[in-house]
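Each chain, written out:
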Amino acid sequence: MSYRIFPADRMTAMPWKNGGGVTREIFRFPEGDDAWWWRMSVAEVDGDGPFSAFPGCMRSLTLLSGEGMRLDFPDRRVELLPPYGSAVFSGEEALSAHLIDGPTTDFNAIWRSAKVSVTVERRAMHGALWCIPEQGVSWFVYFLSGHGMVKSDPAHPEIAAGDAIWLQPQAGAPRLILEAFGEALWCRISAL
């Protein structure tokens, strides 16, 4: 496995697609490409309003901070409440967000459903994790709390809450050992 760490203080701020807020992009693949296959970001939501449309995409939204938000779809209502309420929905669906009691921050995974599938799970981490390569699968891990390090790298690069790491299979690369304590969102990205 090879890896790449994304420190929180280096995330790129950009306006929402609909201009209604700010997203701090962590990473998009392919990097720098407007026709990306998947994108991970953290959004700051300061007020009520519609969501941007992403035709051909799926979205996973996880509440990181704040008292929560209500997502109003044409046919249903979903509440994202602390701690870490989440929802998965089509990027084509028309919906609007209504804050429950003040601003929120959320983690967004968006992917083109014709290219990849993504699942997002919140997991506790308590020690050494062996990262074994799977053909066509990479992992994007966003640290919610705690800390970690790449134990198998002699430099032992560290990861803190708010940072992310992308774990990718690579021919000939050694197995990767991630030592971590805390909680993280583990995003499994599978090529179709």
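Model, not experiment: these values are computed from the prediction. (Residues numbered from 1 in each chain as written. Predicted model: local features only at pLDDT ≥ 70, side-chain atom pairs only at ≥ 80, totals over all residues. Heavy atoms only, no water.)

(A) Highlighting the environment of Pro82. The residue Pro82 is located in the loop between β8 (77-80) and β9 (86-90) in this model. Of the residues examined, Pro82 reaches a relative accessible area of 44% and is grouped as partly exposed. C-alpha of Pro82 to C-alpha of Leu63: the two residues are 19 residues apart in sequence and 6.9 Å apart in space. The contacts of Pro82, once residues within four sequence positions are left out, are Leu63, Gly66, Glu67 and Gly68. (Helix = DSSP H or I, 4+ residues; strand = E, 2+ residues; numbered from the N terminus. Buried < 20%, exposed > 50% of the residue type's maximum accessible area, 1.4 Å probe, protein only. Contact = heavy atoms within 4.5 Å.)

(B) Highlighting the sheet that holds strand β4 (residues 38-45). Read from one edge of the open sheet, 6 strands run β2-β3-β4-β11-β6-β9, paired in antiparallel fashion. On the outer flanks of this sheet lie β2 (12-15) and β9, each paired with one strand and no other. Between one strand and the next, the sheet's axes are offset by a mean angle of 25°, whatever the strand orientation. For strand β6 (residues 57-65) and strand β11 (residues 104-112), the ladder comprises 8 bridges, and the chain directions are antiparallel. Across the sheet, residue Leu61 finds its bridge partner in β11, namely Asn108. (Pairing = 2+ DSSP bridges. Axes fitted to C-alpha atoms, helices over the stretch in contact; angles between N-to-C directions.)

(C) Broad picture of the environment of Leu192. Looking at where Leu192 falls in the secondary structure, it is placed in the segment after β16 (176-191). For Leu192, the contacting residues outside a window of four places in its chain are Ser113, Ala114, Lys115, Val116 and Ser117.

(D) Inspection of the pattern of salt bridges at higher detail. Under the counting rule described, the total for this entry stands at 12 salt bridges. Salt-bridge contacts for Arg4 lead to Glu31; the nearest nitrogen and oxygen are separated by 2.9 Å. In this pair, Arg4 is assigned in strand β1 (residues 2-6) and Glu31 in the loop between β3 (22-29) and β4, connecting sequence segments 27 residues apart. In the salt-bridge network here, residues are joined through shared partners; they are Glu25, Arg28, Asp34 and Arg39. (Salt bridge = Lys/Arg side-chain N within 4 Å of Asp/Glu carboxyl O.)

(E) Geometry of the state of the cysteines. Tallied over the full model, the rule gives 0 disulfides. Left without a disulfide partner, Cys57 is nearest to the cysteine sulfur of Cys187, which lies 15 Å away. Residue classification places Cys57 among the buried positions, given a relative accessible area of 2%. Between Cys187, a free cysteine, and Cys131, which holds the nearest cysteine sulfur, the sulfur-to-sulfur gap is 14 Å. (Disulfide = S-S within 2.5 Å.)

(F) Looking closely at the sheet that holds strand β10 (residues 96-99). Here we have 4 strands laid out as an open sheet, ordered β5-β10-β7-β8, and antiparallel in their pairing. Two strands lie at the open edges of the sheet, namely β5 (49-50) and β8, each paired on one side alone. Bridge count for β5 against β10 is 2 bridges, and the pairing is antiparallel. By the bridge assignment, Pro50 is partnered in β10 with Ser96.

(G) Up close: the nonpolar core. Counting 20 residues, the largest nonpolar core has Ile26, Trp38, Met40, Phe107, Phe140 and Tyr142 as the members making the most contacts within it. Elements supplying a minimum of two residues to this core: β3, β4, β11, β12 (116-131), β13 (137-150), β15 (164-168) and β16. Residues Met1, Met125, Leu176 and Trp186 belong to the second largest nonpolar core, which totals 16 residues. (Core = buried A, V, L, I, M, F, W, Y, C linked by side-chain atoms within 4.5 Å.)

(H) Quick peek at the pairing of β3. Both β2 and β3 contribute to a ladder of 4 bridges, which runs antiparallel. By the bridge assignment, Thr12 is partnered in β3 with Glu25. Taking the residues that link successive antiparallel strands as the turn, the β2-β3 hairpin has 6 residues, and the phi of Gly19 there is positive, at about 80°. Relative to β4, β3 is paired through 7 bridges, and the arrangement is antiparallel. Residue Phe29 lies in a different strand from β4, and its bridge partner there is Trp38.

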